[in-house]
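The chain contents come next:
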Amino acid sequence: MLKKRIIPCLDIKDGRTVKGVNFVDIRDAGDPVELAKVYVEQGADELVFLDITATVEGRKTFVELVGHIAEEINIPFTVGGGISSVADVEKLLAAGADKVSINSSAVKRPELILELAQQFGNQCIVVAIDAGKVDGNWRVFTHGGRKATDIDVFEWAKEAEHLGAGELLITSMENDGTKSGFAIELLKEIDSITNIPVIASGGAGGAQHFAEVFESTGVDAALAASIFHFSEVPITQLKNELRTKGIPVR
Amino acid sequence: MIAIVKYNAGNVRSVQNALHRLGVDAVVTDDPKQLREAEKVIFPGVGEASTAMRYLKERGLDEVLKNLHQPFLGICLGLQLMCKHSEEGDTECLGIFNENVKRFPTSKLKVPHMGWNNCSELKGALFASIDSSDDFYFVHSYYAELGSQTTAQCDYILPFSAALQKDNFHAVQFHPEKSAEIGQQLIKNFLEL
């Protein structure tokens, strides 16, 4: 049976993890490779590395880092942040990334999804959508969730699939950072109108939230950052709890 | 020496990295002589079937590959190209295996089949120390049918060949190089053939 995936996300700046990390058994918490290895040992099913560097130098460092990650890590990983062209993707995939995640650049120029899917195959194209509510309607946000657009989230999700996205990473801006659970209704709706894997993101505060999102929606994976970094919800324990509830996990 | 077949399909680097983690160096090559003389050959692949077959044929690699005698391991698209025919781009493949490759039918389950899944009916040395509760990482929209050469099956939408074998030719639909410890075990098993 296909398992539900648990995906820790690491924010990277100038080749180092930025969000505070609180692991007792790690030598250098700022080293993304060290942290990634801990997650693999704990049973993470996949990893996401998000480059939040804004400089050209930082980007180069990130590509080098992707090479190191690929050497050390034996599970799939996605990289994202600031990707806007076929050339960017080529570099990252050649360095050893399994998938790339695109966000604002796809909103700005949707054909990018098509170009990437044709060149590299849709299995490695993740379209990330930041969803926020504007006057009660779910709208697409860009620029790290800072800028609202008038694009309807559901229409955009369908278009992204149509253009060749292999997977959708849906973050609810309403839930992100609240630790009050995932945006169940939003995720349920997106999952029902598309036929590609959906990763839920934003709002996880405890194991019960992961159980809830898998029990009440059809999403394939759930992603979180700080609760894993601070060992608030250790992955091993999370998976045990999900298993107890009859949710298929690895 | 281990040779990885060089062609226009992705993830060659991942396979090389996986071998390196096991302390084995591999050469990535499309040179027929080097492929024939290699101790073992790995045929990885992420990509589209008709484009990949065209690339192999243009270089005469199709004939080279199917006439190799050393242990050979196809991965993902590699497995599909070793079959008879693929619906992807209506492609005549290498024909090492009798099975055909089809697109997953429309169902309530999603395509691609992406993520960790376990296999059953495991046969042969490739699966030594691996059992049907172990999960491998899959990413594919096309599958090889079940047949007499199936050595592992996986069930997603329908039961399909997760692994095939004929003589020295082995192939797996999943990505052992991305399947954590279990995948590493399978690669180790292959290296020990």
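Located above this text is the structure these notes cover.
Residues numbered from 1 in each chain as written. Chains lettered and ligands numbered in written order. Predicted model: local features only at pLDDT ≥ 70, side-chain atom pairs only at ≥ 80, totals over all residues. Heavy atoms only, no water.

A word on the overall build of chain B. Across its full length, chain B carries six helices and 13 strands. Whereas a compact globule of 193 residues would reach a radius of gyration of roughly 16 Å, chain B reaches 15 Å, a difference of no more than 12%. Along the longest, intermediate and shortest principal axes, the C-alpha atoms of chain B span 45 × 35 × 30 Å. Among the 193 residues that make up chain B, the fraction classed as buried is 59%. Long-range contacts, defined here as pairs at least 24 residues apart, represent 68% of the contacts in chain B between residues at least 6 apart. Charge-centre separation for chain B: the mean point of 19 positive side chains lies 3 Å from the mean point of 24 negative side chains. (Helix = DSSP H or I, 4+ residues; strand = E, 2+ residues; numbered from the N terminus. Rg over C-alpha atoms; globule rule 2.2 N^0.38 Å. Buried < 20%, exposed > 50% of the residue type's maximum accessible area, 1.4 Å probe, protein only. Contact = heavy atoms within 4.5 Å. Lys, Arg positive; Asp, Glu negative; His and termini not counted. Charge placed at Lys NZ, Arg CZ, Asp CG, Glu CD.)

With that settled, the discussion passes to the pairing of strand β1 (residues 2–5) of chain B. Within a regular beta strand, the side chains point alternately toward one face of the sheet and then the other, so they alternate between its two faces. Residues and elements named next belong to chain B. The alternating pattern of β1 places Ile2 and Ile4 on one face and Ala3 and Val5 on the opposite face, and all of these are buried. Pairing analysis gives three bridges linking β1 to strand β3 (residues 40–43), with the strands arranged parallel. The residue bridging Ala3 from the neighbouring strand is Val41, located in β3. Two strands pair when backbone bridges link them, and β1 and strand β2 (residues 26–29) are joined in this way by four bridges, in the parallel orientation. When the bridges of β2 are listed, Ile2 appears paired with Ala26. (Pairing = 2+ DSSP bridges.)

This is a description of form; function is not addressed.
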